[in-house]
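# Report on the structure
Read off the chains here:
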Amino acid sequence: MTRRLTVDELTRVEGHGGVEVVLDGSEVKDVKFNVFEGPRFFESIIKTVHYEKIPDMTRRICAICTASHSLASIGAIENAFNVENTPQTELLRDLLIHGESIESHALHVYMLALPDFLGYPDAFAMSADHMDAVKNALALKKTGNMIHTTLSGRDVHGMNERVGGFSKAPTEEALTEVKTMLEKVQPAAELAVELFKGFELPAYNESDNVLMAIDPGERFGYLGTHVLVSGGERHQQEDYEKLTNERVYRHSYAKHSTYDDGPFMVGALPRVHLSHDKLTGTAQELYKEHSNLVDPRNTLSNNFCQALELVHDVERGIEIIDTLLSNGLEDEGLAAFEVHESRGINVVEAPRGLLYHDYSFDESGCITKANIITPTAQNAANVEKDIRVIAGNHVGEDAELMNNIEVMIRAYDPCISCSVHLVRLK
Amino acid sequence: MKPRIGIFSLTGCAGDQLQILNMEDALLDLVSHIHIVDFQEGSSHKEEGPVDIAFVEGSVSTETDLKHLKEIRERSKILIAFGNCAVEGGIQAMRNDEDSIDERLKEVYGVEPGFFDARLSKPLSEYVDVDLDIPGCPVEKEETIRAITSLLHGDTPLRFTYPVCVECKLNEYPCVIVESGKPCLGPVIRAGCDARCPGLGLDCIGCRGPVDSASGFAAEYSMLLEKGYSKEFILNRLRVFSGEVKEDFLGGDQR
């Protein structure tokens, strides 16, 4: 007899998605990660728009990863027009993307994922018994948002980071205040690791995963020009289409990516697994102590890896501010450059994984063609693979099975709003 | 009895409900004064039954959105269009005049008409009665808190009925149109952001949508033409957050 099990609407995730599992006796017949978030056709909307306003538009693909989209977009434009940035700009952007990671991971690790493991429907109910955890989460999140506001102008959909630099450099006073806040929330970041190290990774979610993440260069981070794959390969960002073959399915406004005809994963687990040797300080110590929790065969490790990244983000944020302050800040204005008919591609690590923007421009600098590939679209096929694995392991009754599947999907920190905007323009 | 609040979302980036989660200092206090019956992004807890105040973010962009919106209207006393997508149709409505939904599905997903249940993005007011607008992309946290506080006290929240220029002048920021010839939309966009962009030396991109009397759009259009911007450039600016700004409107007085 065939049974159809569903999660109609995933909660505590960004955007609208659901799950469908079809079982015939003990056999898994079909699984679907449904994305029913409406399409917004960004790549189509931005055609003919002048490059200068493109980041203001494409950052609105997503609220939680607005800075990642903005930096991916700005980078693609700068690659197209060969823009040279100052060291100050590079440092401020590095700080901005670390700030976004703090804000996003604090929300996900503490307020969206943690209630699963402590047995509450949400962080508000959880606060009755775990006020400390919730207050730590809010303090961390506020610090991440403070970085965003200081550098970008406000906490969602800012405007100050531009093609060629920052419209207005932050003041030394403002950065010193951010540093003080970062120092205050260091224990809150470490508490996240403390909490998640206590949750065992369930065997029912184990399977092989191909992992992909940015090559961060010398230090662990979220900016770079090359992509690492768990088999040991390294690709330049311009080869992204090979890494993200896309297909369209009726049940999903998100196209699904495959690599070598198989699914792959992006996000904190791939980043930490592939570049843990680039971690420093407390983050490196905590990695060494708990490296068994960074399990490439278990995607639920992603929660622990995000917690570890929170520790890194706070420490790295302080370091970057120290460098900026010792160099002294200047209102440098924006870099000068000339527009021409061209194409530019750029990759960044959004909090939930690799994000690509690819634009073509006409000779006046207006956009003629765009392609944007978001992390959740890349993860969609791997999520379906994991649903199949969990369903095939027959854990518990139907309700428990579906709950386990929901917890697994949440661990990917899916951003379903983002996932529907991967669109190719002719 | 605490008022029953629902935070619902249609098609958008979920940035307006994120702004509620971003009220770090006030969040727990706020939550203690209300009873949340639905908040998909923040909670797994859901209740049926009547809603006193419904915050609805996102635009109507699928058949599913439309059905969801009608159900929310049915069960809610006060329905608030929350954020630019809900108030104006959002950034995804800016090309409604240019392409049909079938053309876009073909172009973007390479699929035939009817493959998905997509429709042209429209604001909530196109389909249901809306009791209050809270504009912005995203909404301002302070404005949202003030609105909730007013409603909890049985008052009507204040609306900004003047343009961004007023706030820019009060801050004594240099005018980016006059000083640097930037295509600022401050003269025609609803205030309430404290002229944040001009404060950073940037031109207003209009994320709070048109001020109530949008009769200035024609004047803005001719002013930018005089500054040397092309018609296509100006339309691409004006339409991003202002729904369907019709071309003939630019020559007339009324929106």
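Residues numbered from 1 in each chain as written. Chains lettered and ligands numbered in written order. Predicted model: local features only at pLDDT ≥ 70, side-chain atom pairs only at ≥ 80, totals over all residues. Heavy atoms only, no water.

### Quick look at the side chain of Ser275 of chain A
Looking at where Ser275 of chain A falls in the secondary structure, it is placed in helix α9 (residues 268-275). In this structure Ser275 of chain A comes out as buried when scored by relative accessible area, which is 2%. (Helix = DSSP H or I, 4+ residues; strand = E, 2+ residues; numbered from the N terminus. Buried < 20%, exposed > 50% of the residue type's maximum accessible area, 1.4 Å probe, protein only.)

### Points about helix α2 (residues 24-33) of chain B
Inspection of α2 of chain B places Glu24, Leu27, Leu30 and Val31 of chain B among the buried residues, and these make up the whole buried set. Projected down its long axis, α2 of chain B shows its buried positions confined to an angular sector of 95 degrees, all on one face. Tucked inside the fold, the buried residues of α2 of chain B contact α4 (87-118), α5 (123-126) and α6 (131-152) of chain A together with α1 (15-21), β2 (35-39) and α6 (141-152) of chain B. (Arc of directions from axis to C-beta. Contact = heavy atoms within 4.5 Å.)

### Side note on the nonpolar core
Residues and elements named next belong to chain A. Formed by 148 residues in total, the largest nonpolar core has its most connected members in Val21, Leu140, Ile387 and Ile405. Per-element tally for this core: the top contributor is α4, with 14 residues. Sequence-distant contacts of Ile387, defined by excluding residues within four places in its chain, comprise Val19, Val21, Val31, Lys32, Phe33, Ile405, Met408 and Ile409. (Core = buried A, V, L, I, M, F, W, Y, C linked by side-chain atoms within 4.5 Å.)

### Digging into helix α10 (residues 281-289) of chain A
All names here are of chain A. Residues Ala283, Gln284, Leu286 and Tyr287 constitute the buried set of α10. Along α10, the residues classed as buried sweep out an arc of 165 degrees about the axis, all on the same side. The exposed set on the far side of α10, more than 90 degrees from its buried face, consists of Glu285, Lys288 and Glu289. Residues of α10 that are buried sit in contact with α7 (172-196), α9 and α11 (301-327).

### Observations regarding a nonpolar patch on the surface
Among the surface-exposed residues, Tyr162, Val166 and Leu170 of chain B lie close enough to one another that they form a single nonpolar patch of about 290 Å² accessible area. Structurally, the position occupied by Leu170 of chain B is in helix α7 (residues 164-170). (Patch = residues over 30% accessible without salt bridge, like charges linked within 9 Å, V, L, I, M, F, W, Y side chains within 5 Å. Areas by Shrake-Rupley, 256 points an atom, 1.4 Å probe, with all protein chains shown as cover. Salt bridge = Lys/Arg side-chain N within 4 Å of Asp/Glu carboxyl O.)

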